[in-house]
Amino acid sequence: MKKAKSFLTAATLTLSSGAMMVAAANAQAATSLRLAHTFNPGEASYELLNTLGDRVEERTNGELKIQVFPSEQLGSEVQLLQQSKNGSVDIVVPGYSGASTLLPAMEISNAPFIFQSWDEARHILEGEAYQPIFDELKEQHNLVPLAKTWYWGWRNLTFNGDEVHSVEDMKGLKVRVPESPAWVEMVKAFDASPTPIPFSEVYLALQQGTVDGQENPIPTIYSRKFYEVQDQLVMSKHMLQSQVVLMNSQKFESLSDSNQEILREVVQELAQENYELQTEREASMLEELRAGGQINVIEDIDRASFEQASEQARENLVDRWGEEDYRRVMTAIEDYRN
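Keep in mind the model is a prediction, meaning the values are calculated, not measured. Residue positions are given per chain, counting from 1 as you read along its sequence in written order. Only residues with pLDDT of at least 70 get local features here, since the model is predicted, and only at 80 or more are side-chain atom pairs given and counted; chain-wide, interface and lining totals rely on the full set of residues. In computing side-chain properties, one takes all heavy atoms of the structure into account and sets aside hydrogens as well as water.

Q: Account for the pairing of strand 5 (residues 174-177), with residues named and values stated.
A: The pairing criterion is simple: DSSP has to find at least two bridges between the two strands. Secondary structure elements are defined from DSSP: runs of H or I of at least 4 residues count as helices, runs of E of at least 2 residues count as strands, and each element is numbered from the N terminus. Examined bridge by bridge, strand 5 and strand 6 (residues 193-196) share four bridges and lie parallel to one another. Paired with Arg176 across the bridge in strand 6 is Thr195.

Here it is in structure tokens:
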């Protein structure tokens, strides 16, 4: 009996050791990725990106793990791009304008009045027209897209003072803009005065009258309470703000083909969920602003006057973006509309 008992004990120990070795091997085989972004609690993107790790880990049977660093914990948008390029961060979610600090042609999607709809924008950004730009981003900066579109919202103007219905009404107005050529040239083309101010100081600048107005997507206008210090919201939809999910190309290529595919699939699923959630919130926020009377919503605008002025703004930026890239994108837009 003692021999049998000893045999069973030894067998049990052997099996336990084997299980521990398998578990250790699996843990060692798991790849950990670091994703960093600038979104804050309460924003749709923040909530959805928090689920990325669980989804990817489940579908890869634990082979891929993702640690998320939100709210600029690891740096600003521009700093995160550099970190991803250098490999200290694996995945980032900048805006196209932010990505243009690495490659100016990325900013073409932020050109004023370039897109008429989200479907049109997706067709261009996810299609052949933008692919050479993404190829160049990989060649020069070691970054590849996991999702080429991540909806944030259409940018609109807000002002104090006389109502703005056409580009002529903007003459001489001081408009806060980010320090980006696309915004500066756009406001100049409207015969207004572009005034770069850090985002954290915009509310105070509006309150004190340092500037007459600003422009941002509805969720930003709502969450930052710009309606408290502005009396009109002009539904210009002059720019589409979209993020792009980028990953260090060497890290991506180090993954197995199946894990590459799973990672892309999950990110693109989240991008679609983000669009649905963000547009729902965008609509409800606008309705709340309109119904509550916090700000006068102006939808009756002479859009053609803004579009015509914007053509010159875009031409002034062609040298920055690159003639070939810009003309290819514009031709693709024209083909899509026809």
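Q: Any chance you could break down helix 15 (residues 323-337) for me, citing the residues and the numbers?
A: Residues lying three or four places apart along an α-helix face the same way, a consequence of the helix completing one turn every 3.6 residues. To estimate how far a helix should extend, the number of its residues minus one is multiplied by 1.5 Å. Spanning 15 residues, helix 15 covers 21 Å between terminal C-alpha atoms, matching the ideal 21 Å at 1.5 Å per step. Within helix 15, the full set of buried residues consists of Asp325, Tyr326, Val329, Ala332 and Ile333. Axial view of helix 15: buried residues confined to an arc of 130°, hence all on one face. Seen from the open side of helix 15, the exposed residues pointing more than 90 degrees away from its buried face are Glu324, Glu334 and Asp335. Considering only its buried residues, helix 15 is in contact with helix 6 (118-125), helix 7 (131-141), helix 13 (303-316) and helix 14 (318-321). Only protein chains enter the accessibility calculation, which uses a 1.4 Å probe. A residue is then buried if its area is under 20% of the maximum for its type, exposed if over 50%, and partly exposed in between. The directions considered for the arc are those from the helix axis to the C-beta atoms. By definition, residues are in contact when any of their heavy atoms lie within 4.5 Å.

Q: I'd like to hear about a negative patch on the surface, residue by residue, with values.
A: Side chains of Asp162, Glu163, Glu168, Asp169, Asp231 and Asp302 sit close together on the surface and give a patch of like negative charge. Judged by its relative accessible area of 37%, Asp231 is partly exposed. Patches here are clusters of residues that have more than 30% relative accessible area and form no salt bridge, with a 9 Å joining cutoff for like charges and a 5 Å cutoff for nonpolar side chains (Val, Leu, Ile, Met, Phe, Trp, Tyr). For accessible areas, the Shrake-Rupley method is used with a probe of radius 1.4 Å. Any residue's cover is judged against the shown protein chains and nothing else. Salt bridge criterion: a side-chain nitrogen from Lys or Arg within 4 Å of a carboxyl oxygen from Asp or Glu. His is not counted here, nor are the chain ends, while Lys and Arg score as positive and Asp and Glu score as negative. Lys charges are placed at NZ, Arg charges at CZ, Asp charges at CG and Glu charges at CD.

Q: Describe the nonpolar core, listing the residues and the values that go with them.
A: Nine residue types can take part in a nonpolar core, namely buried Ala, Val, Leu, Ile, Met, Phe, Trp, Tyr and Cys, and a core is a set of them joined through side-chain atoms within 4.5 Å. Residues Met106, Ile108, Tyr130 and Met170 are the most contacted members of the largest nonpolar core, which totals 60 residues. Not counting the four nearest positions on each side in its chain, Met106 is found in contact with Tyr96, Ala99, Ser100, Tyr130, Ile133, Phe134, Leu137 and Val244. Core analysis: the next-biggest nonpolar cluster, separate from the first, contains 27 residues, Leu52, Val144, Ile262 and Val267 among them.

Keep in mind that these numbers describe shape and distance, not what the molecule does.
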